[in-house]
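Listed below are the residues making up each chain.
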Amino acid sequence: AQKITQTQPGMFVQEKEAVTLDCTYDTSDPSYGLFWYKQPSSGEMIFLIYQGSYDQQNATEGRYSLNFQKARKSANLVISASQLGDSAMYFCAMSLSGGYNKLIFGAGTRLAVHP
Amino acid sequence: NAGVMQNPRHLVRRRGQEARLRCSPMKGHSHVYWYRQLPEEGLKFMVYLQKENIIDESGMPKERFSAEFPKEGPSILRIQQVVRGDSAAYFCASSQGNEQYFGPGTRLTVT
């Protein structure tokens with residue numbers, strides 16, 4: 001069965017430091033995509049980063065990078081130089097092959113950035 | 001280029017009433033997904049539609065819930081005879097390639 005697991009209900013980090021949010025996934029499908037979304041207290045879902053299962057290099061988008069370890073089935077999000085505005089819920093999600101992007105979400109990690 | 005639009009942003013219904021949630025995808029997108037988020041949980045897929053077609057409704061409850069995406073106009077998620085357990089945030093998303101963009105959500109409260 002396809003599943004996303006985020007084992008950290010809550011994390012905190014000091015401003016300007018880096019933080020890693022964990023995500024493991026389970027699928028037998030060889031073709032899949034991995035996503036990270038940010039949900040601030042206002043409630044909207046903000047797309048952060050995408051990694052395809054066949055991508056050779058780890059995805060990066062500004063201060064966000066995805067540490068993709070295919071053999072371990074992990075897709076951790078690394079946020080560098082944390083800012084107070086990074087405080088939010090973070091969701092890892094997976095899409096499967098089949099021609100469309102139906103997403104399976106993890107339970108989320110609440111990140112608090114302390115000054 | 002406007003993003004995904006959803007309205008209303010907040011909706012209050014009494015038990016037994018109907019709720020209609022609207023979603024306009026991003027310009028040029030013809031694929032719409034609906035998700036539901038219960039408090040303190042991740043999003044759960046409900047249904048995937050293309051114009052005039054339901055492609056995957058595996059996440060939709062069997063009763064009271066329906067969705068459509070007509071040739072003209074927004075996609076509609078309809079919940080008949082709402083119950084308290086339907087209180088949640090309902091998100092619509094549209095996709096282009098590998099990226100999926102979400103609307104701001106509709107927060108449904110059933111009293």
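Residues numbered from 1 in each chain as written. Chains lettered and ligands numbered in written order. Predicted model: local features only at pLDDT ≥ 70, side-chain atom pairs only at ≥ 80, totals over all residues. Heavy atoms only, no water.

Draft legend 1. Representation of the nonpolar core in the model. Within the largest apolar cluster, 25 residues are counted, with the highest numbers of intra-cluster contacts made by A:Y25, A:L34, A:W36, A:I49, A:L77 and A:Y90. Elements that contribute at least two residues to this core include exactly strand 3 (19–21), strand 5 (32–39), strand 6 (46–52), strand 8 (64–69), strand 9 (74–79), strand 10 (88–96) and strand 12 (109–114) of chain A. Sort the elements by how many residues they give to this core and strand 10 of chain A lands first, with five residues. Among all residues touching A:L34, those that are not within four sequence positions of it are A:I4, A:Y25, A:I49, A:Y50, A:Q51, A:L66, A:F68, A:A75, A:A93 and A:M94. By size, the runner-up hydrophobic cluster in this structure holds 23 residues, among which are B:L21, B:M26, B:L49 and B:A88. (Core = buried A, V, L, I, M, F, W, Y, C linked by side-chain atoms within 4.5 Å. Buried < 20%, exposed > 50% of the residue type's maximum accessible area, 1.4 Å probe, protein only. Helix = DSSP H or I, 4+ residues; strand = E, 2+ residues; numbered from the N terminus. Contact = heavy atoms within 4.5 Å.)

Draft legend 2. Seen up close, the pattern of salt bridges. Residue and element names in this part refer to chain B. One pass over the structure, following the stated rule, counts eight salt bridges over all chains. Across the salt bridge formed by E18 and R20, the nearest N and O atoms sit 2.8 Å from each other. When its relative accessible area of 29% is taken as the criterion, E18 is described as partly exposed. Here D86 makes a salt bridge to R64, at a shortest N to O gap of 2.7 Å. Here the residue D86 occupies a position in the loop between strand 8 (75–79) and strand 9 (88–96), and R64 occupies one in the loop between strand 6 (53–56) and strand 7 (65–68), the gap between them amounting to 22 residues. Looking at R64, the relative accessible area reads 25%, which means it is partly exposed. One continuous salt-bridge network, built from bridges that share partners, spans E18, R20 and R78. (Salt bridge = Lys/Arg side-chain N within 4 Å of Asp/Glu carboxyl O.)

Draft legend 3. Quick look at the interface of chain A and chain B. Contacts between chain A and chain B engage 18 residues on the former and 20 residues on the latter. Buried surface at the junction of chain A and chain B, summed over both partners, amounts to about 1,600 Å²; 53% is from carbon and sulfur atoms. Inspection of the chain A/chain B interface yields two salt bridges. Among the ionic pairs, B:D56 bridges to A:K102, the shortest N-O distance being 3.3 Å. For the pair chain A and chain B, the interface holds six residue pairs in polar contact (both at pLDDT 80 or more). For the side of chain A that touches chain B, the secondary-structure elements that each account for two or more residues are strand 5, strand 6 and strand 11 (103–105) of chain A. The element that contributes the greatest number of residues to the side of chain A that touches chain B is strand 5 of chain A, accounting for three residues. Partitioned by chemical class, the residues of the side of chain A that touches chain B number ten nonpolar, five polar and three charged. (Buried area = accessible area lost by both parts, 1.4 Å probe. Polar contact = N/O pair within 3.5 Å; in protein donor to acceptor, adjacent residues only side chain to side chain. Nonpolar A, V, L, I, M, F, W, Y, C, P; charged D, E, K, R; others polar.)

Draft legend 4. Here's a closer look at the sheet that holds strand 7 of chain B. All names here are of chain B. Strand order in this open sheet of four strands is 1-3-8-7, and the pairing throughout is antiparallel. This sheet does not close on itself; its edge strands, each paired only once, are strand 1 (5–7) and strand 7. Taken pair by pair, the neighbouring strands of this sheet meet at an average axis angle of 15°, ignoring direction. Across four bridges, the pairing between strand 7 and strand 8 is antiparallel. Bridge pairing in strand 8 places A67 opposite L77. (Pairing = 2+ DSSP bridges. Axes fitted to C-alpha atoms, helices over the stretch in contact; angles between N-to-C directions.)

Draft legend 5. Here's a closer look at the packing of aromatic side chains. In the structure shown here, the tally under the stated rule is 15 aromatic pairs over all chains. For the ring pair A:F35 and A:Y37, a centre distance of 6.2 Å and an interplane angle of 15° mean the geometry is stacked. Residue A:F35 is classed as buried on the basis of its relative accessible area, which comes to 0%. Since its relative accessible area comes to 0%, A:Y37 is described here as buried. A centroid spacing of 6.1 Å and a plane angle of 75° characterise the contact between A:F105 and B:F102, whose relative ring orientation is edge-to-face. Within this pair, whereas A:F105 is found in strand 11, its partner B:F102 is found in strand 10 (residues 99–102), the two belonging to separate chains. Following the ring pairs from residue to residue traces out a cluster consisting of A:F35, A:Y37, A:F47, A:Y50, A:F91, A:F105, B:Y35, B:F45, B:F91, B:Y101 and B:F102. (Phe/Tyr/Trp six-rings, centres within 6.5 Å; stacked < 30°, edge-to-face > 60°.)

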